[in-house]
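# Structure at a glance
Each chain, written out:
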Amino acid sequence: MTKKLLTVDDSSSVRKLVEFTLKAKGFHVGSAGDGQQALELMAKEQFDAIILDINMPVMNGLEFLQKIKADDGYANIPVIMLTTEGQDEDKDKAISLGATAYVVKPFKPTQLLTILEKILPSA
């Protein structure tokens, strides 16, 4: 069964790079420009994992992460943070809120794929 991933980033170029990388490996990919858009998309579709930026308008990544981890319907979805925020305090905050992994931009697409292979069964 093909895994469905959601990428949430306010940068369309980052979303396109992530989408291209994931689609090339056979994943289905949904896309949102902020946390609010992501919640609206998640209300309509189920995702196996989320790739999430921190700095976004409307609802930032940490607010979104806190919201979904408090919701039983979404709490078990793995979340990979993909952000420019490389400080330990940002990483610690994201992990404490329930992020599965943390990748700092700029990143290599293979980093993302390696993490996905580890967190998704038969990805």
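See above for the structure.
Notes on the structure follow. (Residues numbered from 1 in each chain as written. Predicted model: local features only at pLDDT ≥ 70, side-chain atom pairs only at ≥ 80, totals over all residues. Heavy atoms only, no water.)

## Here's the deal with the pairing of strand 4 (residues 79–83)
Operational definition: Each residue is placed in one exposure class: buried if its accessible area under a 1.4 Å probe, protein chains only, is under 20% of its type's maximum, exposed if it is over 50%, and partly exposed if it falls in between. Here a strand is any run of E in DSSP of at least two residues, a helix any run of H or I of at least four, and the numbering for each starts at the N terminus. The rule for pairing is simple: two strands pair if DSSP sees at least two bridges between them. For the handedness criterion, the strands are oriented away from the viewer, and a crossover whose path from the first strand over the helix to the second runs clockwise is classed as right-handed.
Counted residue by residue, strand 4 has five buried out of five residues, so it is predominantly covered. The side-chain alternation of strand 4 yields two buried faces, one formed by Val79, Met81 and Thr83 and the other by Ile80 and Leu82. Sheet topology places strand 3 (residues 49–52) next to strand 4; three bridges connect them, and they run parallel. Paired with Ile51 across the strands is Ile80, a residue of strand 4. You can see the chain leave strand 3, run along helix 3 (residues 61–69) and come back into strand 4, and the turn it takes is right-handed. The sheet contact formed by strand 4 and strand 5 (residues 101–104) spans four bridges and is parallel. Along strand 5, the bridge assignment pairs Thr83 with Val104.

## Quick word on the pairing of strand 2 (residues 28–32)
In this structure, strand 1 (residues 4–8) lies alongside strand 2, joined through five bridges in parallel fashion. Bridge pairing in strand 2 links Leu5 to Val29. Read as a crossover between parallel neighbours, the route from strand 1 over helix 1 (residues 12–24) to strand 2 is right-handed.

## Quick word on the pattern of salt bridges
Operational definition: Only one rule defines a salt bridge in this text: a Lys or Arg side-chain nitrogen within 4 Å of an Asp or Glu carboxyl oxygen.
Under the criterion given, the structure shown has four salt bridges. For the salt bridge of Lys23 with Glu19, the shortest nitrogen-to-oxygen distance reads 3.8 Å. Taken together, the positions of Lys23 and Glu19, both in helix 1 and four residues apart, correspond to about one turn of that helix. When the shortest N-O distance is used, the salt bridge between Asp53 and Lys105 registers 3.7 Å. Of this pair, Asp53 sits in the loop between strand 3 and helix 3 while Lys105 sits in the loop between strand 5 and helix 5 (109–119), and the two are 52 residues apart along the sequence. Accessibility assignment for this pair places Asp53 and Lys105 in one class, buried. Salt bridges linked by common partners bring Asp9, Asp53 and Lys105 together as one network.

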